[in-house]
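Topology and contacts: notes
Listed below are the residues making up each chain.
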Amino acid sequence: MVRKKTTHEFDYYVLLFFGMAFIGWLWEVLLYLCTEHAFINRGVYRGPYLPIYGAGGLALCFLLRGSRGKPMRVFFLSMLICSGLEYFTSWFLERLWGIRWWDYSGHALNLNGRICLLGAVIFGLGGTALICVLLPVYERLYRKFSRKWRTALCLVLLLAFIADATYCAVRPNTGRGISQDTTF
């Protein structure tokens, strides 16, 4: 049996990106709320999103959607893909601004403080949840809204993101609990 390749409109991916970026932001804010007992807006940007989670979610969607019925495979590939993305992003941000937004040096089995085993396992679990559980729910929810509403929402999100990115290109979000300055 030949599987029909699934393709989607541009707005499908834009909304998925922002949904995953928001979930990632929420995850990190809640994590710091529980561990540091303070609200900390994590990430380079000011808005309630972490683009690395959006990019990771899209990468997993493109690469692993066909493995939906194989959760162990999705788990291990999610660990690998997301850890690679996290390592590269950490390196890139540090080279670009001389700032390190996260450091896992104190965690077991870390690689240059950029990634660690615990983070990889969490990414594996998150990727499995995304591909095997959340993506089917997202697809049903996506179809409930008209193209007009989806397009309008995409425009608002993209314009806000572009404004935020423009501002943060000059003044990235830094400070206690957000980054460690590692100027060379």
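In this report, the structure presented in the accompanying data block is examined.

What follows concerns the pattern of salt bridges. Going through the model one piece at a time under the given rule, you end up with eight salt bridges. Residue R147 pairs with E9 through a salt bridge whose shortest N-O separation is 2.8 Å. Within this pair, whereas R147 is found in helix α5 (residues 147-170), its partner E9 is found in the segment before α1 (10-36), the two being separated by 138 residues in sequence. Its salt-bridge partner being R100, residue D103 comes within 3.5 Å of it at the nearest N-O pair.

Moving on, we come to unusual backbone geometry. Although it is not a glycine, H37 sits at a positive phi angle of roughly 55 degrees. On the accessibility criterion, H37 (67% relative accessible area) is exposed. Its identity as a non-glycine residue notwithstanding, L109 has a phi of 55 degrees, on the positive side. The topology assignment puts L109 in the loop between β1 (99-100) and β2 (110-111). The exposure class assigned to L109 is exposed, which follows from its relative accessible area of 65%.

This brings us to the packing of helix α2 (residues 51-64) against helix α3 (residues 71-97). Between α2 and α3, whose axes approach to 10 Å, the crossing angle comes to 140 degrees. When the interaxial angle is binned, α2 and α3 end up oblique. As for how α2 packs across α3, the hand of that crossing is right-handed. Between α2, through I52, A55, G56, A59, L60, L63 and L64, and α3, the contact on the second element is made entirely by V74, L77, S78, I81, C82, L85, E86 and T89. Across the contact of α2 with α3, the residue classes break down as eleven nonpolar, three polar and one charged.

Topologically, F75 is positioned in helix α3. Using a relative accessible area of 14% as the deciding quantity, one classes F75 as buried. Residues F75 and I122 lie 47 residues apart in sequence; the distance between their C-alpha atoms is 9.5 Å.

The rules we used
- Every chain's residues receive numbers from 1 upward, in the order its sequence appears when written.
- Confidence filtering applies because this is a predicted model: local features only for residues at pLDDT of at least 70, side-chain atom pairs given and counted only at 80 or more, and all residues used for totals across whole chains, interfaces and linings.
- Working from all heavy atoms in the structure, the side-chain values ignore hydrogens and water.
- By convention in these notes, a salt bridge is any Lys or Arg side-chain nitrogen within 4 Å of a carboxyl oxygen on Asp or Glu.
- Under the DSSP-based scheme used, a helix requires at least four consecutive residues in state H or I and a strand at least two consecutive residues in state E, with every element numbered from the N terminus.
- Burial here depends on accessible area, computed with a 1.4 Å probe over protein chains only, as a share of the maximum for the residue type. Under 20% is buried, over 50% is exposed, and the range in between is partly exposed.
- For helices, the fitted axis covers only the stretch in contact; all axes are lines through C-alpha atoms, and the angles between them, taken along N-to-C directions, range from 0 to 180 degrees.
- Angular relationships are summarised with four words: roughly parallel below 35 degrees, roughly antiparallel beyond 145, roughly perpendicular across 65 to 115, and oblique for the angles in between.
- Note: crossing handedness is left-handed where the near helix turns anticlockwise from the far helix by less than a right angle, and right-handed where it turns clockwise.
- Only heavy atoms matter for contacts: two residues are in contact if any of them lie within 4.5 Å across the pair.
- Polar here means any residue other than Ala, Val, Leu, Ile, Met, Phe, Trp, Tyr, Cys and Pro, which are nonpolar, and Asp, Glu, Lys and Arg, which are charged; Gly is therefore polar.

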